[in-house]
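Descriptive structure summary
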Amino acid sequence: MNDKERISRQKRYGQYFSGKKVSDLLVSLLPKEAHIKNVIDPMVGTGDMLSAISSTDWEIDRLVGIEIDSSIIDTCRSNNPTSEIIQGDAFVTQVPNAPNGWDLVITNPPYVRYQLLNESDNMDGLPSGEQIRSNLISTISKSKNLDKSDKKLFLELAQSYSGLSDMAVPSWLLCASMVKLNGYLAMVVPDTWLNREYATPIQNLLLRCYDVLAIVSDSGLAWFENAQVKTCLIVAQRKSTIELNEALSSETYCIKLGKNLVGDTSLIDNLFYKNSQGMVAFSNMVSDRVSIINDDCRATVESTYTLFPRLFDGNYIKKTHAINNFSFLPIGIREVLSTSAFDNLVTIDEMGWSVGQGLRTGANDFFYCDIVSQDSDKSIVHFNWYEQEVNIDNQNLLHVLQNRNKIHGLCVTKDVLNRRVLYITKQVRRSELATLSSQVSKRFSILNTETSDYICAGENYVPTSGKSLKPFPERSAVKPNERKDITGYKKFWYMLPEMAPRHIPRLCIPRVCGKATECMFVEQSEDTPIAVDANFITLWNNDSTMQYFVFALLNSTWFKCYMECISTVMGGGALKVEAAHVRKVLFPKYSTKQIALLAQCGKRLRDELVLSPQIQDEIDTIVLKPFGLNSGDVLQKLRDTLRTLLSERGATL
């Protein structure tokens, strides 16, 4: 197997092998007094976790690893000659002699995104996403470790987790189901499990079934070469299952480690604590659960429930008097405010705004085009894949914002957009008239010849490069466009669904931010609506008067700093913002006067297009006013925190 084939295989299997440094750090988080006799790594890879366990002082009776990839089994066995290494799929393989569960389940599960899971056709012996779910349900159903009520809980979670989940979610459920009462779960996972909406079932499970002892995150993206997201280590201890509203007293030691701590022998060679260095210093620090805040290490003890605010937003349980909203603020922001008295905080949802994601066509090459020339009725457009320019009626085109770098400033108007999306709703090809359902046939007229020819070419075009090599009509996100019943067709594959409010929003935020997060104003009108691509988080509200207020609010230093605290830093240092992140942000509740003042700032920002220092100062002063603190001092600290967070990922304002 050459290097290219090996890299491709590792990507398909989601393999980011832990290595000695990561494995040693995870094992060091386990309590020294833990009673561990049997250990399993269900996704063992090359066996780094088992090797780390073998080097401890615990007297282990049994070490077991399971690995699906036959090409690395021999390496794993060579690295762990005293361990029992089984080739197979952990979601199917039955491991004998652990009827009461395992003292320790430790693993670095494969990181396979849902797109690859859904595209799987048993290539290389890998199951699809639905096969994994089915196998997980079967394994949980047969578990001898779970009692009746726990089995019901685990099965509910296995049956209901989102199809947008990466492979870490079913891996979490499998591993958590294998741990015995008072045993330990230790995992290496992407830090998205803390903030992605699809990870909510895992957070639910952890709060109810485990005490989360420690979470350690890589703030400098230094642990894995070519990693695209930050990494977390988590150690949790199994407890008797409780209800969510009983899970308010548990605490978690949260640690962020910078890249400057990494040395030749460990990820913390340059950590110092209590006259000790490296692994000894880290072990002492974890044992003492001491608070540390400096450029390279940030460690605090947090109420576990505050790490998972989505569990307390009303979808799972309502917030109770025992929960102070202030405790849900990110640690960095709480340190700036230095008070827990203020609790009058609300989310963007509670302000009456909806948050989602923009337009996904499923085939941008087919649907997106650029204007070459236009008049009042028709436009000559160019599609990237198509050699000829196409004459298209303007009624079949919508203005679309696809890329942030095409817009100067923060205001999106139709005049600055040269890109269009093909949006056919009332016309069909002549050959399709006879196939239409009688219920809808009167609604349609005939497409012009050039547009019809373009669609015909699109049906027969097979890309030779890119993410998808399937013809446009056969792509998974395009197929559902076609609608028909026994009376005939109602829609064809080239007809996008009706634009929803999230596709034609009033505000939007780029999902990938090289610099600080920014919110953009979208100048909508009924005559010429502007569609916004899925490259953006979109926000909408029926009350247009609130648009300017929220526009200003989402360009405040408060919001930018919040996003830096909770969003996902990617491998190149860019910040990945999701709708779930925006929904989590807490803002002070503003008075009618403060809303009006922020709206005025928003209108000025719309008119001036760019965020001047003067407008930024005015916005920030009003945003912080409800806290009743010395706004100048707090604002300076908040801006210092923002600059620090930006510099950690190599970004600027």
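Here we summarise the structure given alongside this text. Keep in mind the model is a prediction, meaning the values are calculated, not measured. (Residues numbered from 1 in each chain as written. Predicted model: local features only at pLDDT ≥ 70, side-chain atom pairs only at ≥ 80, totals over all residues. Heavy atoms only, no water.)

Okay, the sheet that holds strand β30 (residues 568-569) next. Pairing within the open sheet is antiparallel, and its 3 strands lie in the order β26-β31-β30. Only two strands of the sheet have a single neighbouring strand rather than two, namely β26 (512-513) and β30. Relative to strand β31 (residues 575-576), β30 runs antiparallel, the two sharing 2 bridges. Following the sheet pairing, Thr568 is matched in β31 by Lys576. (Pairing = 2+ DSSP bridges. Helix = DSSP H or I, 4+ residues; strand = E, 2+ residues; numbered from the N terminus.)

With that out of the way, let us pick up the environment of Phe328. Position of Phe328 relative to the elements: it lies in the loop between β12 (297-303) and α11 (331-337). For Phe328 and Glu474, which are 146 residues apart along the polypeptide, the C-alpha to C-alpha distance reads 44 Å.

Before going further, it helps to examine the nonpolar core. Formed by 128 residues in total, the largest nonpolar core has its most connected members in Trp172, Trp193, Ile348, Trp558, Val582 and Phe587. Of the residues forming this core, the biggest block, 8 residues, is contributed by helix α8 (residues 168-178). Setting aside anything within four residues of it in sequence, one finds Trp558 in contact with Leu329, Ile333, Leu337, Val585, Leu586, Phe587, Pro588, Val623, Leu624, Phe627 and Leu638. (Core = buried A, V, L, I, M, F, W, Y, C linked by side-chain atoms within 4.5 Å. Buried < 20%, exposed > 50% of the residue type's maximum accessible area, 1.4 Å probe, protein only. Contact = heavy atoms within 4.5 Å.)

A few words now on unusual backbone geometry. Positive phi values are uncommon outside glycine, yet Asn275 reaches one of about 60°. With respect to the helices and strands, Asn275 occurs in the loop between β9 (272-273) and β10 (276-277). The class for Asn275 is exposed, based on a relative accessible area of 90%. In this model, Arg289 sits at a positive phi of 50°, which is unusual for a non-glycine residue. Counting through the fold element by element, Arg289 comes out in the loop between α10 (278-288) and β11 (292-293). Judged by its relative accessible area of 31%, Arg289 is partly exposed.

This next bit is on the sheet that holds strand β28 (residues 530-532). Read from one edge to the other, the open sheet built from 6 strands follows the order β17-β16-β15-β20-β18-β28, with strand pairing classed as mixed. Each of the sheet's edge strands pairs with one partner strand only, and the pair in question is β17 (390-393) and β28. Neighbour-to-neighbour, the strand axes of the sheet open up by a mean angle of 50°, direction not taken into account. Here strand β16 (residues 378-382) runs beside β17; their pairing, made up of 4 bridges, is antiparallel. Paired with Val381 across the bridge in β17 is Val390. Those strands touched by helix α13 (residues 449-460) are β17 and β20 (419-422), and its axis lies near 115° from that of β17. (Axes fitted to C-alpha atoms, helices over the stretch in contact; angles between N-to-C directions.)

What follows concerns the environment of Lys560. Locating Lys560 in the fold gives a position in helix α15 (residues 557-566). Along the backbone, Lys560 and Glu518 are 42 residues apart, and their C-alpha atoms lie at a distance of 7.4 Å. The contacts of Lys560, once residues within four sequence positions are left out, are Ala516, Thr517, Asn555, Leu611, Gln616 and Leu642. In this structure the side chain of Lys560 is engaged in a polar contact, spanning 3.0 Å, whose partner is the side chain of Gln616. (Polar contact = N/O pair within 3.5 Å; in protein donor to acceptor, adjacent residues only side chain to side chain.)

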